[in-house]
Structure formats: C-alpha cells, structure tokens
Amino acid sequence: MARKKRRIRLSKIYTFKCKRARAKADHNRIGGPGFARVVFCNEPTSFESTSRGYADNYVKTTKYSPATFVPKSLFEQFRRVANFFFLVTAIVSFTPIAPYSAASSVLPLSVVIGATMLKEGFEDFRRKQQV
C-alpha cells in the first residue's frame, strides 16, 4: 500500500495580502484554527490596518522636550560628583559657620551649570534638526 503524502499549505497558516481583500470570508476566520493573522502590505490607510493599532516606526533621537529640559538637565548635572560637592558647599555657605560669603560659591556653580545646560540644549536642538 502506498502512503499518500500530505502537503503543508503555508497559505492557511500565515496570509500576506499585498492587494485588497477579495471577500469578507477571509476575515471571518481570523483567530480560528490554522489562521493566525492577516498582514496588509503597503496599505497604511486601509481600515483593517488602522483598526489594529500597530506601532509606528517613529524614532526619537532627542534627549529633552521643552517641558522636561530643566528638570532632566539639572538631574544630569548633579549626578556628577564635582557638581554635587559644589552644591553642598554652596548650601553650607548660607550658614553662619561658613568662612566665606555665599556669593563666592553660588556664582561660579551657577555659571558652570548654566553654561553646561546651554551646551546640552543646543546639542539637543541640533540633533532634532538633523532628523
């Protein structure tokens, strides 16, 4: 007795439709056995592809937004040990035990932090323009 060969039909497992759907009968089987998903190629505005809610390919290369620039930039600045040390020194300079005035420690710290924030903001702006 000869055995009959079974052919695997990949079209019933995954269906790639690069043209418009021919009939609604194909869509009624979605989720059923042997039918996993319909992929619509090159039809981003079709009803079926917009109703699925797939993620887009947008890539964000900037680090800051206008609303988060100041908090994120200050956080990045004070993660550095040297800037944190000078911040603590500036806070201590407001107490009566400090041998120097507050302006002599706050002014250099604010100039360095401000210049670095301007540089980071300008670099982020240029990065956004390149995209």
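Here, residues in each chain are numbered from 1, in the same order as that chain's written sequence. Per-residue local features are limited, in this predicted model, to residues with pLDDT of at least 70; the limit for side-chain atom pairs, both in listing and counting, is 80 or more; totals at the level of whole chains, interfaces and linings are taken over all residues. Each side-chain value is derived from all of the structure's non-hydrogen atoms; neither hydrogens nor water enter the calculation.

1. Some remarks on the side chain of D124
Phase 1 of the analysis: With respect to the element layout, D124 can be found in helix 5 (residues 103-130).
Phase 2 of the analysis: Other than its neighbours up to four places away in sequence, D124 contacts T62, K63 and Y64. Going along the chain from the N terminus, every DSSP run of H or I of four or more residues is numbered as a helix, and every run of E of two or more is numbered as a strand. We call two residues contacting when some pair of their heavy atoms lies within 4.5 Å.

2. Topic: a nonpolar patch on the surface
Phase 1 of the analysis: Think of a patch as exposed residues, more than 30% relative accessible area, with no salt bridge, where like charges cluster within 9 Å and nonpolar side chains (Val, Leu, Ile, Met, Phe, Trp, Tyr) cluster within 5 Å. Here the accessible surface of atoms and residues is derived via Shrake-Rupley with a 1.4 Å probe, and residues count as covered only by protein chains that are part of the display. Salt bridges are counted wherever a side-chain nitrogen of Lys or Arg sits within 4 Å of a carboxyl oxygen of Asp or Glu. Taken together, F84, V88, V92 and I97 make up a surface patch of nonpolar side chains, about 380 Å² in accessible area.
Phase 2 of the analysis: Looking at the element boundaries, I97 is found in the loop between helix 4 (81-92) and helix 5.

3. Notes on a positive patch on the surface
Phase 1 of the analysis: We treat Lys and Arg as the positive residues and Asp and Glu as the negative residues; His and chain ends play no part in the count. To locate a charge, take NZ of a lysine, CZ of an arginine, CG of an aspartate or CD of a glutamate. A cluster of basic residues, K60, K63, K72 and K128, forms a positive patch at the surface.
Phase 2 of the analysis: Relative to the elements of secondary structure, K128 occurs in helix 5.

4. Points about the side chain of S73
Phase 1 of the analysis: Along the chain, S73 falls in helix 3 (residues 69-78).
Phase 2 of the analysis: Sequence-distant contacts of S73, that is, excluding residues within four places in its chain, are made with Y64, M117 and E120.

5. Structural notes on the environment of R79
Phase 1 of the analysis: Within the secondary structure layout, R79 lies in the loop between helix 3 and helix 4.
Phase 2 of the analysis: In the analysis that follows, any N or O atom pair within 3.5 Å is treated as a polar contact, provided that within protein one partner can donate a hydrogen and the other can accept it, and provided that, for residues neighboring in sequence, both atoms belong to side chains. Separated by 3.3 Å, the side chains of R79 and E76 make a polar contact.

Read these as spatial facts, not as claims about activity.
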